[in-house]
Amino acid sequence: MADMRLAEERMASSDKDVAEKAVRRWTALDEDFHREGGYSAESEAGSIALSLGLAAKVLDQPLETLSGGQRRRVELARILFQGSSTLLLDEPTNHLDADSIAWLKEFLAAYKGGLIVISHDAALLNKCANKIFYLDANRSTVDIYNLGWSAYLQQREIDERRRKREQASAEKQAGALKAQADRMRYKATKARAAQSMDKRAARILDSIVEGGGREKVARIRFPDPVKCGKTPLMAHGLSKSYGSSEIFTDVDLAIDRGSRVVILGLNGAGKTTLLRLLSGIEPGDTGEVELGHGARLGYYAQEHETLDVTRTVLENMQSASPDLAESQVRSLLGSFLFIGDDVFKPAGVLSGGEKTRLALACLVVSGANVLLLDEPTNNLDPASRAEILEALSRYEGAVVLVTHDDGAVEALNPERVLLLPDGVEDLWRPDYLDLIALA
Ligand SMILES: Nc1ncnc2c1ncn2[C@@H]1O[C@H](COP(=O)(O)OP(=O)(O)OP(=O)(O)O)[C@@H](O)[C@H]1O
Ligand SMILES: [Mg+2]
């Protein structure tokens, strides 16, 4: 391509010889390019980008300015276009809207190469997987099931029931051995036999301990909100543009104490931008954000930008809760599954789910009375997701929620909805649920 550009420049040369040579060179290069599939490559890349809903305008933007959903689409378009024989995809549906997810499912189901995917999207797994690797953290093993998703679920349940039965019977056997040993222990002639029975019972118990643990789940409870005035957060006439593209104009919002608002809009509609304006991280072009008496905001950022990646888990928590003693902070971190040396890891090395848990833990200690939550259930395993939904439904402070997870909206039970980019506010109606997958 660079050679072609050079030839193009030389074609415009005033020196005739140079220009003619350049034309010949360009023609030869053009043929090569054609033969290698260069032109169709561009249109193929374009069509993948288009199927993933990437507008031409977005393709020229620097990556760091893209919205969460747009960035995932670019990453996916890049990987899918490479024509590799094996794809490794880690949570490919996160942040995507419904159309893109539907397209991706079709693409992967028809994909001829190998596919290794990590996903919490059961429908995607149902459609694409024919082998499941289950990493069981409690037993520290990987179980391999040569089955599709729903058959795997059934088989795993059968296996778990069997393990429970085996465990119960092993416990019974060990108990009987110990009881027998206790009866024999004090007879000199039988003391040795009693000892070996004890050992055997201990061995039986050892062999089942691993399987006995329950799945580890973060225990999430949002803080009791500190007291505040009637309307802790208000925004008037907020507008934001980047260059010539207007994201939204003239958005008004009043968040009363304890009220619940959900913000809906397509990938790139400006949801994250609005939350950044509300949280004071970024100024609007016009309008203002006003905090009411005693207002304390807790902001959960879509890409965890509020975490300091260079500092450790513990330091991040301590800066979110300067008043707490280290022992209290560590015990709270424990309930978010950061145990032992985990707390000394820099936040930058954490997995997506771990970052989510840390960011939530920081929110929990903040005592906020208004939570601004930007897709807080992404990256979480189903059990931890259920915990945060439960925490959300119990929280008594005000919540402004951005999500494409309809379960999260149901848990929030919102009173109002704000639609972006129009900035129209409406009372919540159940038929808005249909729109959520688009958000
Ligand atoms: N610094 C910037 N320069 C140019 N465009 C930007 C910049 N920051 C954001 N944008 C654009 O603003 C629009 C709104 O982005 P925003 O992150 O608010 O979207 P969103 O509604 O949160 O989307 P998603 O559902 O994908 O998270 C997007 O089209 C994005 O590409
Ligand atoms: Mg966003």
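Each chain carries its own residue numbering, running from 1 in the written order of its sequence. Labels follow written order: the first chain is A, the first ligand is 1, and so on. The model is predicted, so local features are restricted to residues of pLDDT at least 70 and side-chain atom pairs to those at 80 or more, both for listing and for counting; the totals for chains, interfaces and linings are taken over all residues.

K.L.:
What is the right way to read the overall build of the chain from this model?
P.N.:
Under the scheme used here, helices are H or I runs from DSSP no shorter than 4 residues and strands are E runs no shorter than 2 residues, and both carry numbers assigned from the N terminus. Within the chain, the regular secondary structure consists of 16 helices and 13 strands. The C-alpha atoms of the chain give 29 Å as radius of gyration, which overshoots the globular expectation for 439 residues (22 Å, by more than 25%). Counts of 20 or more other C-beta atoms within 10 Å of a residue's own C-beta define buried residues, counts of 12 or fewer define exposed ones, and intermediate counts define partly exposed ones; C-beta atoms are placed from the backbone. Taking all 439 residues of the chain together, 30% fall into the buried category. The contact criterion used here is simple: two residues whose C-beta atoms, placed from the backbone, lie within 7 Å are in contact. Excluding contacts between residues fewer than 6 apart, the proportion of contacts in the chain whose partners are at least 24 apart in sequence is 69%. Our radius of gyration looks at C-alpha atoms and nothing else; its globule reference is 2.2 Å times the residue count to the power 0.38.

K.L.:
Hey, could you run me through unusual backbone geometry in this one?
P.N.:
A negative phi angle characterises most non-glycine residues, just as the trans form characterises most peptide bonds. Between Leu420 and the following residue, Pro421, the backbone shows a cis peptide bond with an omega angle of 10 degrees. With respect to the helices, strands and loops of the structure, Pro421 is situated in the loop between β12 (416-419) and β13 (424-427). Notably, His304 is not glycine yet its phi reads approximately 60 degrees, a positive angle. Within the element layout of this structure, His304 appears in the loop between β9 (297-300) and α11 (313-320). The residue Leu337 is not glycine, and still its phi comes out positive at about 70 degrees. Within the secondary structure, Leu337 is located in the loop between α12 (326-335) and α13 (352-364). Given 17 C-beta atoms within a 10 Å radius, Leu337 is considered partly exposed.

K.L.:
Would you explain the pairing of strand β3 (residues 132-136) in this entry?
P.N.:
For a regular strand, side chains alternate in direction, first toward one face of the sheet and then toward the other. Bridging between β3 and strand β4 (residues 141-145) involves five bridges; their strand directions are antiparallel. Note on β4: the bridge partner recorded for Phe133 is Ile144. Strand pairing is defined by DSSP finding a minimum of two bridges between the two strands.

K.L.:
Even after reading the chapter, I still don't get the sheet that holds strand β11 (residues 398-402), so can you show me in this structure?
P.N.:
Whenever strands of a sheet pair, they do so through backbone hydrogen bonds, lying parallel or antiparallel. The strand order across the open sheet formed by six strands is β9-β10-β11-β7-β12-β13, and the pairing between neighbours is mixed. Edge positions in the sheet fall to β9 and β13, since each has one partner strand and no second. Put simply, the sheet's adjacent strands are angled 15 degrees from each other on average, direction ignored. Fitted lines through C-alpha atoms serve as axes, helices being fitted only where they are in contact, and the angles separating the N-to-C directions of these axes extend from 0 to 180 degrees.

K.L.:
Teacher, can you tell me more about the site of ligand 1 here?
P.N.:
Each residue gets a C-beta atom placed from its backbone. If that atom is within 6 Å of a molecule or strand, the residue is near it. Taken together, 20 residues are adjacent to ligand 1, and Thr65, Ser67, Gly69, Tyr242 and Thr272 come closest. Gly falls in the polar group here, along with every residue not listed as nonpolar (Ala, Val, Leu, Ile, Met, Phe, Trp, Tyr, Cys, Pro) or charged (Asp, Glu, Lys, Arg). Residues that form the shell around ligand 1 fall into these classes: five nonpolar, 14 polar and one charged.

K.L.:
For this particular structure, what's the right way to read the environment of Gly294?
P.N.:
By the element assignment, Gly294 lies in the loop between β8 (286-291) and β9. Residue Gly294 is classed as partly exposed on the basis of its 13 C-beta neighbours within 10 Å. Sequence separation between Gly294 and Pro232 is 62 residues, and the spatial gap between their C-alpha atoms is 7.2 Å. The residues touching Gly294, leaving out its near neighbours within four places in the chain, are Val226, Lys227, Cys228 and Gly229.

K.L.:
Even after reading the chapter, I still don't get the sheet that holds strand β6 (residues 245-255), so can you show me in this structure?
P.N.:
On the basis of which strands lie adjacent, the open sheet formed by three strands has the order β6-β5-β8 and antiparallel pairing. Edge positions in the sheet fall to β6 and β8, since each of these pairs with one other strand and no more. Sheet twist, expressed as the average angle between the axes of neighbouring strands with direction ignored, equals 20 degrees. The pairing of strand β5 (residues 233-242) with β8 spans five bridges and is classified as antiparallel. Residue pairing for β8: Ala235 is matched across the bridge by Val289.

K.L.:
Whenever I open this one, the packing of helix α1 (residues 2-11) against helix α2 (residues 16-35) confuses me. Can you help?
P.N.:
Close contact between α1 and α2 brings their axes to 8 Å; oriented N to C, the two are set at 150 degrees. With respect to their mutual orientation, α1 and α2 come out roughly antiparallel. You can see that α1 and α2 cross each other, and the crossing is left-handed. In contact with Asp3, Met4, Ala7, Glu8, Arg10 and Met11 of α1, α2 contributes Val18, Ala19, Ala22, Val23, Arg25, Trp26, Leu29, Asp30 and Phe33. A per-class count over the contact of α1 with α2 returns 10 nonpolar, no polar and five charged. Roughly parallel refers to an angle under 35 degrees, roughly antiparallel to one over 145, roughly perpendicular to one between 65 and 115, and oblique to any angle outside these ranges. In this scheme the crossing of two helices becomes right-handed for a clockwise turn of the near helix relative to the far one and left-handed for an anticlockwise turn of less than a right angle.

K.L.:
Please explain helix α10 (residues 271-279) as it appears in this structure.
P.N.:
For an α-helix, 3.6 residues make a turn, and residues three or four places apart therefore share a direction. By the criterion of burial, α10 is predominantly enclosed, with nine of the nine residues buried. Along α10, the residues classified as buried are Lys271, Thr272, Thr273, Leu274, Leu275, Arg276, Leu277, Leu278 and Ser279. Positive phi appears at Gly280, one or two residues downstream of α10, with a value of about 85 degrees.

K.L.:
What's the story with the pairing of strand β10 (residues 370-374) in this structure? I'm lost.
P.N.:
In terms of burial, β10 is largely enclosed, as five of its five residues are buried. Alternating positions in β10 separate into two faces, Val370, Leu372 and Asp374 on one and Leu371 and Leu373 on the other, with burial throughout. Pairing of β9 with β10, which is carried by four bridges, proceeds in the parallel orientation. Across the sheet, the residue bridging to Tyr300 is Leu373, located in β10. Summarising the sheet, β10 and β11 pair through five bridges and their orientation is parallel. Note that in β11 the partner of Val370 across the bridge is Ala398.

K.L.:
Any chance you could explain the environment of Val18 here in plain terms?
P.N.:
Note that Val18 resides in helix α2. Sequence separation between Val18 and Ala7 is 11 residues; the distance between their C-alpha atoms is 9.5 Å. If near-sequence neighbours (up to four positions away) are discounted, Val18 is found in contact with Arg10 and Ser13.

K.L.:
Is there a simple way to think about the environment of Glu354 in this case?
P.N.:
Of note, Glu354 is situated in helix α13. Residue Glu354 is classed as buried on the basis of its 20 C-beta neighbours within 10 Å. Separated by 18 residues in sequence, Glu354 and Phe336 place their C-alpha atoms 8.8 Å apart.

So far we have only geometry, and geometry alone does not tell us how the molecule works.
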